[in-house]
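Remarks on the overall topology
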Number of protein chains: 2
Amino acid sequence: VARVIDPGDIAKDFRKQVAQQVAKLTVPLKLVGFLSADNAPSQTYANYTKAGCDDVGIQYELRQVNKLALAAAIDEANADPAVHGIMVYYPIFATDQDAYIKDLVDHRKDIEGLNSYWVRMLYHNQRYVDAAKSKQALLPCTPLAVIKLLEAAGALRRSKADHGVPLQGQTVVIFNRSEVVGRPLASMLANDGANVYSFDIDGPQLFRSGQVSEFKITRAEALSQADIVITGVPSREFPLVHCAEIRPGAVCLNFSTLRNFVPEIGDVAGVFIPRVGPMTVAMALRNTLRLFENYHA
Amino acid sequence: VARVIDPGDIAKDFRKQVAQQVAKLTVPLKLVGFLSADNAPSQTYANYTKAGCDDVGIQYELRQVNKLALAAAIDEANADPAVHGIMVYYPIFATDQDAYIKDLVDHRKDIEGLNSYWVRMLYHNQRYVDAAKSKQALLPCTPLAVIKLLEAAGALRRSKADHGVPLQGQTVVIFNRSEVVGRPLASMLANDGANVYSFDIDGPQLFRSGQVSEFKITRAEALSQADIVITGVPSREFPLVHCAEIRPGAVCLNFSTLRNFVPEIGDVAGVFIPRVGPMTVAMALRNTLRLFENYHA
């Protein structure tokens, strides 16, 4: 029977580490959230961010502004030295205009890693912002949360001997290739040495060593090879991943809010991680601290 | 009866100016176009770009690359000192991934002005890239083409006495608020002093002096006040702007490939500009020269 990892437990460990670092700071660390759309999931995420900030000692201020006033409000927060991190709850316009907002947040305060400055670094596998390699680049919260959970599951062999590719020789299957999670996650896992089969409605792609290509492989073939199976399909049309499809002992992780594995998956999986949510918030807090250390300390 | 402006005539004048400047350069000015989707309008646009480049003496090279190889191909062109301008024919993925590609093009070679570096400057009305105000910021081709055509129509009072707001006191109506044309154009016209009523399916907004707000006004009310009427609606559902709706003498311009005004509009308009296409290409050539002068000369 699979070991089930509760992301809440791992998140608690990360929050504890962040809290210890925050306690050492001599100025109050401040994160501002912007809520501009009447959207229940965004409000929920804002509530979780506040609870996380309260837990680790980061000041959190939620600013609810009309979406047409959001750009000016972000400019103001960018310019305010008392604000160290900015978080915007998407979608706002739910059009290409959201991409403009993402790039408007100063990358030095963009704790979500959505500014094209960070996105470019991610896809180019540039891990440090400085030549001395003292300041790590920022990674987006949910993909980072997934990787930290895989690490907690023992799927990454982190060591001095891993040569920076702790997933060397591992095969990963991801169902989701969104710009927010699936594509950056596939790239990050490939940067860590894995062969990643990325599935979405446009068909499978192989991410390997900084290269991406279309790749003819069926879901059944890919799953039969996978050491790690990651799902993030927000649709009830998706055929749930069932026990006979996966390798016994595979690590299975779902980041969708819908169930993407059959409930019995734990009978075959080695580790099952049914959700990611609390770890996404923990990574947002960790990123806030990292940006402070990189740019504002 | 309205004066009808053929954008081809104005474009010819601009191409002549560009050709004169290009002839003075001591190195060949080179523009690379990237075509990655099997899309007839993109191929047509590429053909027009090549014809325009041939006309003004810019070297044009079309690179047809698989869309999954496009990012690496752009990286290579960014790094190649022999390439001065880059143009990408969109859509490619037709998802948020296209925004990643737009930001991947080095802003110093981004002749379309789509990189967030240029977009941010546009919305902040920052007109120069240097403190000495010797290097003008880049503006996106179609909105710039529209403004140059309005200038040719006599709608902008360019003079030393215009205080940088040559549209002061003018009212503009635009039907289109896309991120590619309608929204930047509304902002640029407002930066030039106009009151701009921007209409799209989400309702009207008022752009004025760097501010944008929702504004309750009907199409009829807005059109009855407009000195300039700009249409760019790619839908046959759009009720054509008819003669009784506009002010006699108004400047009317359509940048959609579909007709958006009734054919009789010329009986009432002061100037009618039925299309923009050739001027968009001319502005792409002009932008190539500008980036060369700003960054590569």
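Notes on the structure in this doc start here. Here the structure is a predicted model, which means the values were calculated and not measured.

Some details on unusual backbone geometry
Each neighbour pair has its own omega, and for Tyr-90 of chain A with Pro-91 of chain A the value is -5°, a cis peptide bond. One can find Pro-91 of chain A in the loop between β4 (85–88) and α4 (97–104). A positive phi is found at Asn-176 of chain A, a non-glycine position, where the angle reads about 150°. Among the structural elements, Asn-176 of chain A can be located in the loop between β5 (171–175) and α7 (182–191). Given the relative accessible area of 13%, Asn-176 of chain A is considered buried. Even without being a glycine, Asn-125 of chain B presents a positive backbone phi close to 55°. Positionally, Asn-125 of chain B belongs in the loop between α5 (116–123) and α6 (141–152).

Observations regarding the layout of surface pockets
For the second largest pocket, the calculated volume is near 590 Å³. Listed by contribution, the elements that provide at least two residues to the lining of the second largest pocket are α3 (70–79), α4 and α5 (116–123) of chain A together with α3 (70–79), α4 (97–104) and α5 of chain B. Counting residues per element, the lining of the second largest pocket draws most heavily on α5 of chain B, at four residues. Of the residues contributing to the lining of the second largest pocket, the split by class is seven nonpolar, 11 polar and nine charged.

Structural notes on the sheet that holds strand β3 (residues 59–64) of chain A
All names here are of chain A. With respect to topology, three strands assemble into an open sheet ordered β3-β2-β4, the strand pairing being parallel. Since the sheet does not close on itself, it has two edges, and those belong to β3 and β4, each with one partner. On average, each strand axis in the sheet is tilted by 20° relative to the strand beside it, whichever way the strands run. Against the sheet, α3 touches β2 (30–35), β3 and β4, its axis set at about 165° to β4.

Some details on the nonpolar core
Leu-150, Leu-189, Ile-230 and Met-279 of chain A are the most contacted members of the largest nonpolar core, which totals 78 residues. Among the elements that make up this core, the one with the highest residue count is helix α9 (residues 277–296) of chain A (eight residues). Non-local contacts of Met-279 of chain A, meaning those with residues more than four positions away in its chain, are made with Pro-7, Ile-10, Ala-11, Phe-14, Ala-145, Lys-148 and Leu-149 of chain A. Among the nonpolar cores identified, the runner-up in size contains 77 residues, and Val-83 of chain A together with Leu-150, Ala-155 and Val-271 of chain B belong to it.

With respect to the packing of aromatic side chains
Here the structure, examined in full by the defined rule, presents 16 aromatic pairs over all chains. Centre to centre, the rings of Tyr-45 of chain B and Tyr-89 of chain B are 5.5 Å apart; their planes meet at 80°, and the pair counts as edge-to-face. Here the residue Tyr-45 of chain B occupies a position in helix α2 (residues 40–56), and Tyr-89 of chain B occupies one in the loop between β4 (85–88) and α4, the gap between them amounting to 44 residues. Judged by its relative accessible area of 23%, Tyr-45 of chain B is partly exposed. You can call Tyr-89 of chain B buried: its relative accessible area is 1%. These aromatic residues form a ring-pair network of at least three members: Tyr-117, Trp-118 and Tyr-295 of chain A. Stacked on the ring of Tyr-90 of chain A, the Lys or Arg Lys-102 of chain A has its end atom at 4.9 Å from the ring centre. Sitting above the plane of the Tyr-100 of chain B ring, Arg-183 of chain A keeps its charged end 5.0 Å from the centroid.

Observations concerning the pairing of strand β8 (residues 211–214) of chain A
Residue and element names in this part refer to chain A. One ladder, built from four bridges, connects strand β7 (residues 205–208) with β8; its direction is antiparallel. Within β8, the position partnered with Gln-205 by the bridge is Glu-214. Count of turn residues in the β7/β8 antiparallel hairpin: two residues, of which Ser-209 carries a positive phi of about 50°.

Brief notes about the packing of helix α6 (residues 141–152) of chain A against α7 of chain A
Residue and element names in this part refer to chain A. Running from amino to carboxyl end, α6 crosses α7 at an angle of 45°, the nearest separation of the two axes being 9 Å. Between α6 and α7, the interaxial angle falls into the category oblique. Taken as a pair, α6 and α7 cross one another with a handedness that is right-handed. Where α6 approaches α7, its residues Pro-143, Leu-144, Val-146, Ile-147 and Leu-150 are matched on the opposing element by Pro-184, Leu-185, Met-188 and Leu-189.

Some remarks on empty space enclosed by the protein
One pass over the structure, following the stated rule, counts two cavities of 30 Å³ or more. Reported here for the largest cavity is a volume of approximately 40 Å³. Lining the largest cavity are Ile-86, Met-87, Val-88, Tyr-90, Lys-102, Val-105, Asp-110, Glu-112 and Leu-114 of chain A. Broken down by element, the lining of the largest cavity gets its largest block of residues, three residues, from β4 of chain A. Its residues placed into classes, the lining of the largest cavity shows six nonpolar, no polar and three charged. There is about 30 Å³ of room inside the second largest cavity. In terms of lining residues, the second largest cavity is bounded by Val-88, Tyr-90, Lys-102, Val-105, Asp-110, Glu-112 and Leu-114 of chain B. For the lining of the second largest cavity, the class distribution of residues is four nonpolar, no polar and three charged.

Here is what the cut-offs are and how they apply
- Residues numbered from 1 in each chain as written.
- Chains lettered and ligands numbered in written order.
- Predicted model: local features only at pLDDT ≥ 70, side-chain atom pairs only at ≥ 80, totals over all residues.
- Heavy atoms only, no water.
- Helix = DSSP H or I, 4+ residues; strand = E, 2+ residues; numbered from the N terminus.
- Buried < 20%, exposed > 50% of the residue type's maximum accessible area, 1.4 Å probe, protein only.
- 1 Å grid on protein atoms, 1.4 Å probe; cavity = no way out; pocket = protein on both sides within 12 Å on 5 of 7 lines; lining within 4 Å.
- Points joined across faces, edges and corners; volume = space filled by probe spheres on them.
- Nonpolar A, V, L, I, M, F, W, Y, C, P; charged D, E, K, R; others polar.
- Pairing = 2+ DSSP bridges.
- Axes fitted to C-alpha atoms, helices over the stretch in contact; angles between N-to-C directions.
- Contact = heavy atoms within 4.5 Å.
- Core = buried A, V, L, I, M, F, W, Y, C linked by side-chain atoms within 4.5 Å.
- Phe/Tyr/Trp six-rings, centres within 6.5 Å; stacked < 30°, edge-to-face > 60°.
- Lys NZ or Arg CZ within 6 Å of the ring centre and 35° of its normal.
- Parallel < 35°, antiparallel > 145°, perpendicular 65-115°, else oblique.
- Left-handed = near helix turned anticlockwise from the far one by under 90°.

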